[in-house]
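One letter stands for each residue in the lines below.
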Amino acid sequence: MRKKKSHNPEEARTPNSYQRDFLLVLAAVAVLPYVYYGERVLLVLGVSMLGAAAGTAVFRLLRGVQEIPDLSCLTTGMLIGLMLPVNVPLFIPALASLFAVCVVREPFGEKGTHLLNPAAGGLAFVTVLWPETVFSYYNMKAGTGVTLWDGVCAVTSSPSAQLKKGFIPDLQPFDMLFGRYAGPMGATAAVVLAAGLVFLFARGDVDFRMPAGMLLGACLVAWLFPRIPASPLTSLKFEILAGGVLAVILLQAADSASLPATRAGKWTLGLVGGLLLMSMQYGGAYEQSGAFVVLLLGALAPLADQLTGQASVWIQQRKQRKGGEPHGKKPHRKEKGSTETA
C-alpha cells in the first residue's frame with residue numbers, strides 16, 4: 001500500500017524551510033540598501049554572516065556536536081548586519097554575530113531552547129560598547145559615497161535622533177516608504193519591511209498576533225503622546241515609518257523560541273512590547289532601543305503565558321458562578337406527591 005501524502009503544509013515544513021523564508025525576506029530587504037550604498041552592503045552582511053556561521057561551527061566542535069547546524073545562524077548574522085549602519089567598522093558586525101551565537105544561543109544546547117533572541121543580544125552588546133559608532137550613519141545627501149573596506153564617509157544623525165530631541169524630521173513620504181534617509185541599512189524602507197512581514201504571515205512562519213499587538217501599542221503611544229510639536233497623525237507617521245518600529249517587529253518575529261506559546265500570551269506581550277518600545281524610545285538612553293526591548297520580551301514570554309493562563313481560568317470560574325447550574329440541567333424542585341396525600 002502506498003502511503004498517502006499529507007496536504008497539510010505545516011506537516012511538510014522543516015526548521016530550515018522557515019529559515020529559508022526569513023533569508024528570502026532579508027535578501028529582499030537588502031536590495032534597496034545595495035542600490036543606495038553599493039558593494040559595502042554585501043561586505044558588511046558577508047562579514048556578519050561569516051561570524052555567525054564560524055561561531056556556531058567552532059562552538060559545536062568544542063562540544064562534540066557533529067550535527068550540521070540549520071540555517072538559523074545565517075539568519076542571525078544577516079539580521080545583525082541589516083540593523084547596523086553601512087559605514088560600521090567590520091569588526092563590529094563580526095563581534096555582534098559571535099556574541100549572538102556563542103553566548104545567547106549555543107550554550108543552551110538543543111535547537112529552540114534558548115531564552116532570548118540571539119540577534120537582539122548581539123546588537124545590544126555592540127550598542128553598549130560602541131554607541132556613537134552604532135548610531136553614526138552615512139549622509140546620503142552628501143553624495144560622497146562610502147569606501148569599501150574602511151567605511152569612510154560623511155556622517156549624520158538619523159530621524160530617530162531628531163525625534164528624540166523633539167524635532168520634526170525633514171522627510172517626504174517617499175523617503176520614509178523607500179528608505180531614502182540616514183539609518184540602519186535594513187531598517188528604513190517601510191514598504192519592504194511591511195511586505196516582508198505580510199509574506200511571513202501568509203507562509204505561516206510568523207503568528208501575526210504578537211507583531212500586531214506591538215504595532216498597536218506603538219501606534220497608541222505615538223497618537224496619544226506625541227513627542228514632537230505636531231498633530232497626532234503626523235506623530236504617528238514619523239514614529240512608525242521613520243522611527244524603526246517595523247524593523248524591531250521583524251527582529252522580534254525572527255526567533256520563535258523566545259515568544260509566548262499561547263495566543264493570549266502573544267497578544268498581551270505584543271501590546272506590552274509596543275508600549276515598552278515607545279517608552280524606551282522616548283525616555284531611554286539610546287535613540288534606538290529595539291534590541292533591548294526584544295531581549296526583555298523574550299525574558300517575559302513564560303510569565304505572559306502563565307498570567308494569561310491564570311486569567312483564563314479565573315474568567316471561566318466567574319462565568320460558572322454567575323451561570324449557576326450547568327446548562328441543560330434544571331434546578332431541583334421538591335415533589336408534592338406523598339406529602340399532599342398524607
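What you are looking at is a predicted structure, and each value in this text was computed from that prediction instead of being measured. (Residues numbered from 1 in each chain as written. Predicted model: local features only at pLDDT ≥ 70, side-chain atom pairs only at ≥ 80, totals over all residues. Heavy atoms only, no water.)

Draft legend 1. Structural detail: the overall build of the protein. In terms of regular secondary structure, the protein is built from 17 helices and two strands. Going through the 342 residues of the protein one by one, you find that 45% of them count as buried. For the protein, the accessible surface area stands at approximately 18,000 Å², while carbon and sulfur atoms represent 64% of it. (Helix = DSSP H or I, 4+ residues; strand = E, 2+ residues; numbered from the N terminus. Buried < 20%, exposed > 50% of the residue type's maximum accessible area, 1.4 Å probe, protein only. Areas by Shrake-Rupley, 256 points an atom, 1.4 Å probe, with all protein chains shown as cover.)

Draft legend 2. Structural view of a nonpolar patch on the surface. Where nonpolar side chains cluster on the molecular surface, the patch consists of Leu216, Leu220, Trp223, Leu224, Phe225, Leu233, Leu271 and Leu275 and spans about 770 Å² of accessible area. Looking at the nonpolar patch, the elements that each hand over two or more residues are helix 12 (209-224) and helix 15 (263-283). With four residues, helix 12 is the single largest residue contributor to the nonpolar patch. Looking at where leucine 271 falls in the secondary structure, it is placed in helix 15. A relative accessible area of 33% places leucine 271 in the partly exposed class. (Patch = residues over 30% accessible without salt bridge, like charges linked within 9 Å, V, L, I, M, F, W, Y side chains within 5 Å. Salt bridge = Lys/Arg side-chain N within 4 Å of Asp/Glu carboxyl O.)

Draft legend 3. Region of the structure containing the packing of aromatic side chains. Scanning the entire structure with this criterion turns up eight aromatic pairs. Summarising the aromatic geometry, the rings of phenylalanine 91 and tryptophan 130 are spaced 5.2 Å apart at their centres and angled 85° between planes, so their arrangement reads as edge-to-face. Taken together, the positions of phenylalanine 91 in helix 6 (residues 91-105) and tryptophan 130 in the loop between helix 7 (118-129) and helix 8 (131-134) put the pair 39 residues apart, joining distant regions of the chain. You can call phenylalanine 91 partly exposed: its relative accessible area is 45%. (Phe/Tyr/Trp six-rings, centres within 6.5 Å; stacked < 30°, edge-to-face > 60°.)

Draft legend 4. Looking closely at the side chain of threonine 127. With respect to the element layout, threonine 127 can be found in helix 7. The class of threonine 127 is buried, set by a relative accessible area of 7%. Within the local environment of threonine 127, its side chain forms a polar contact with the backbone oxygen of leucine 123, the two atoms lying 2.7 Å apart. Beyond its immediate stretch of four places on either side in the chain, threonine 127 contacts Val134, Phe135, Tyr286 and Phe292. (Polar contact = N/O pair within 3.5 Å; in protein donor to acceptor, adjacent residues only side chain to side chain. Contact = heavy atoms within 4.5 Å.)

Draft legend 5. Region of interest: helix 4 (residues 40-63). Along its 24 residues, helix 4 runs 35 Å from first to last C-alpha, staying within 8% of the 34 Å computed at 1.5 Å per residue. Of all the residues in helix 4, the buried ones are Arg40, Val41, Leu43, Val44, Leu45, Ser48, Gly51, Ala52, Gly55, Thr56 and Arg60. Those residues of helix 4 that are buried are in contact with helix 3 (31-37), helix 5 (72-82) and helix 6. (Expected span 1.5 Å × (residues − 1).)

Draft legend 6. Molecular detail of the pattern of salt bridges. In total, this model carries six salt bridges according to the counting rule given. For glutamate 106, the salt bridge is made with arginine 60, and the minimal N-O distance between the two is 3.2 Å. Of this pair, glutamate 106 sits in the loop between helix 6 and helix 7 while arginine 60 sits in helix 4; the two residues are 46 residues apart in sequence, bridging distant segments of the chain. Neither glutamate 106 nor arginine 60 differs from the other in exposure class; each is buried. Residue arginine 227 pairs with glutamate 239 through a salt bridge whose shortest N-O separation is 2.7 Å. With arginine 227 in the loop between helix 12 and helix 13 (232-242) and glutamate 239 in helix 13, this pair connects stretches of sequence that are twelve residues apart. The network of salt bridges with shared partners includes Arg60, Arg105 and Glu106.

Draft legend 7. Structural view of the environment of arginine 63. One can find arginine 63 in helix 4. A relative accessible area of 39% places arginine 63 in the partly exposed class. Each C-alpha atom, one on arginine 63 and one on proline 107, is 9.5 Å from the other, the two residues being 44 residues apart in sequence.

Draft legend 8. Region of the structure containing the environment of alanine 195. Mapping alanine 195 onto the fold places it in helix 11 (residues 190-203). Between the alpha carbons of alanine 195 and alanine 28 there is a distance of 9.6 Å; along the sequence they are 167 residues apart.

Draft legend 9. Broad picture of the packing of helix 7 against helix 16 (residues 290-323). Between helix 7 and helix 16, the shortest axis-to-axis distance is 8 Å and the interhelical angle comes to 135°. Taken together, the axes of helix 7 and helix 16 are oblique relative to one another. For the crossing formed where helix 7 meets helix 16, the hand is left-handed. In this structure, helix 7 uses Ala120, Gly121, Leu123, Ala124, Thr127 and Val128 to contact helix 16, whose residues at the interface are Ala291, Phe292, Val294 and Leu295. Its residues assigned to classes, the contact of helix 7 with helix 16 shows eight nonpolar, two polar and no charged. (Axes fitted to C-alpha atoms, helices over the stretch in contact; angles between N-to-C directions. Parallel < 35°, antiparallel > 145°, perpendicular 65-115°, else oblique. Left-handed = near helix turned anticlockwise from the far one by under 90°. Nonpolar A, V, L, I, M, F, W, Y, C, P; charged D, E, K, R; others polar.)

Draft legend 10. Fine view of helix 5. With ten of its eleven residues buried, helix 5 lies for the most part within the structure. When helix 5 is considered as a whole, its buried residues turn out to be Ser72, Cys73, Thr75, Thr76, Gly77, Met78, Leu79, Ile80, Gly81 and Leu82.

Draft legend 11. Up close: the confidence of the model for the protein. Counting all residues, the mean pLDDT for the protein is 87, and 88% of those residues have values of 70 or more. Low pLDDT (under 50) marks residues 1-12, which in the prediction has four contacts with non-local residues, meaning those over four places away or in another chain. Under a pLDDT of 50 for its full length, residues 334-342 has, in the predicted model, zero contacts with residues more than four places off or in other chains. (pLDDT = per-residue confidence, 0-100.)

Draft legend 12. Just the packing of helix 12 against helix 14 (residues 245-253), in detail. Their axes nearest at 10 Å, the elements helix 12 and helix 14 cross at an angle of 155°. Taken together, the axes of helix 12 and helix 14 lie roughly antiparallel to each other. Of the two possible hands of crossing, helix 12 and helix 14 adopt the one that is right-handed. Counted together, Met210, Pro211, Met214, Leu215 and Ala218 of helix 12 and Val245, Leu246, Val248, Ile249 and Gln252 of helix 14 form the full contact between these two elements. The residue makeup of the contact of helix 12 with helix 14, split by class, is nine nonpolar, one polar and no charged.

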